[in-house]
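These are the residues of each chain, in order.
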Amino acid sequence: MKNAVKVVPAFTRTACDHKYDFVAVYDGHSNSQVALAYWERMHLIMAEEVARRWWPITESESLCWEDVMVESFRRLDAEVTASKELKQLIVKYDGFEPGYAGTVASTVLVAVVGENRVIVANCGVSPPVLSRGGSTFLISSEMQRIEEARGTAIESDSRYVPGLATSKSVDCEICKPEVTVTVMERVDEDEFLIIASDGLWDVISNETACRIVRECFLTGSTPTEAASLLTTFAISRNSRNNISVIVVQLSTQIRS
């Protein structure tokens, strides 16, 4: 298992005393060391950035969440890249020659959930899926990012062609991290978020996943039970990748 999952309720407060929850999926490539480093530190660094930036801000002003996310990724990527101990673990674990240690990486998908908005920072190819008013939406798209940069992404039987997962990743000397940040104002029709690694999306469509979660909520299941069912379903569909799933319920009013 090369993935790591983090859920931290009320990990930070704003100047207006609004609480925000932190959820994240880290999908390691080659081994779990980079993913675990982010699992341990990302929410702490992000809380520091929020506290530092809220200090001069009045209640009538708003925090620039994009700056918070980008700086948090920059700081942690610098920490991991500079960590000689981590590099040694990576080399020893994978049997790489020292010159290839920088090819080990992890995708990162973070969602910060508040009462009025959801902020997503994505450094990878598995963006969160939002169910809003019974419809399914991708909050961000790596394929769109690549095409806007005049690149080409080839679709396969899975969501993306194998190897695209490292088109954006942290602690990789070949592909330096590029963070896509989306700030979404919440509306009454928002139902739930699915945050998962590509082990789920390799074998399940966005619509199917949302249908499964919706049926879980309609029968009284918890978000944890819904995430567990998605994982079991992906395994039954012969997913060959590590599977990590978080379901965030945004409303108790779920459409049938």
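Residues numbered from 1 in each chain as written. Predicted model: local features only at pLDDT ≥ 70, side-chain atom pairs only at ≥ 80, totals over all residues. Heavy atoms only, no water.

A few points about the packing of helix H6 (residues 206-218) against helix H7 (residues 223-236)
Each pair of packed helices can be described by the angle between their axes along with the distance between the axes.
Here comes step 1: Two elements in contact, H6 and H7, have axes separated by 9 Å at closest approach and are oriented at 140°. On the basis of their axis angle, the class for H6 and H7 is oblique. As for the relative orientation of H6 and H7, their crossing is right-handed in sense. Here Thr208, Ala209, Ile212, Val213, Cys216 and Phe217 of H6 come into contact with H7, specifically with Pro223, Ala226, Leu229, Leu230 and Phe233.
Here comes step 2: A class-by-class count of the residues in the contact of H6 with H7 yields 10 nonpolar, 1 polar and no charged. (Axes fitted to C-alpha atoms, helices over the stretch in contact; angles between N-to-C directions. Helix = DSSP H or I, 4+ residues; strand = E, 2+ residues; numbered from the N terminus. Parallel < 35°, antiparallel > 145°, perpendicular 65-115°, else oblique. Left-handed = near helix turned anticlockwise from the far one by under 90°. Contact = heavy atoms within 4.5 Å. Nonpolar A, V, L, I, M, F, W, Y, C, P; charged D, E, K, R; others polar.)

Considerations on the pattern of salt bridges
Should the charged atoms of two oppositely charged side chains come close, the side chains can pair.
Here comes step 1: Inspection of every chain in the model, using the stated rule, returns 9 salt bridges.
Here comes step 2: Between Glu48 and Arg75 there is a salt bridge whose closest N-O contact spans 2.7 Å. Of this pair, Glu48 sits in helix H1 (residues 33-54) while Arg75 sits in helix H2 (residues 65-82), placing them 27 residues apart in sequence.
Here comes step 3: Since its relative accessible area comes to 39%, Glu48 is described here as partly exposed.
Here comes step 4: Here Arg75 ties to Glu49 by a salt bridge, and the two come within 2.8 Å at their closest N and O atoms. Here Arg75 is found in helix H2, whereas its partner Glu49 is found in helix H1, with 26 residues between them in sequence.
Here comes step 5: Here the salt bridges share partners, and the residues they tie into one network are Glu48, Glu49, Arg52, Arg53 and Arg75. (Salt bridge = Lys/Arg side-chain N within 4 Å of Asp/Glu carboxyl O. Buried < 20%, exposed > 50% of the residue type's maximum accessible area, 1.4 Å probe, protein only.)

What to know about empty space enclosed by the protein
Here comes step 1: Within this structure, the stated rule accounts for 1 cavity of 30 Å³ or more.
Here comes step 2: The volume enclosed by the largest cavity comes to roughly 90 Å³.
Here comes step 3: Along the walls of the largest cavity sit 14 residues, with Asp27, Thr107, Leu109, Val125 and Ser126 positioned nearest its centre.
Here comes step 4: Of all the elements in the fold, those that place two or more residues in the lining of the largest cavity are strand S2 (19-29), strand S3 (105-114) and strand S4 (117-123).
Here comes step 5: With 3 residues, S3 is the single largest residue contributor to the lining of the largest cavity.
Here comes step 6: Residue composition of the lining of the largest cavity, grouped by class: 7 nonpolar, 5 polar and 2 charged. (1 Å grid on protein atoms, 1.4 Å probe; cavity = no way out; pocket = protein on both sides within 12 Å on 5 of 7 lines; lining within 4 Å. Points joined across faces, edges and corners; volume = space filled by probe spheres on them.)

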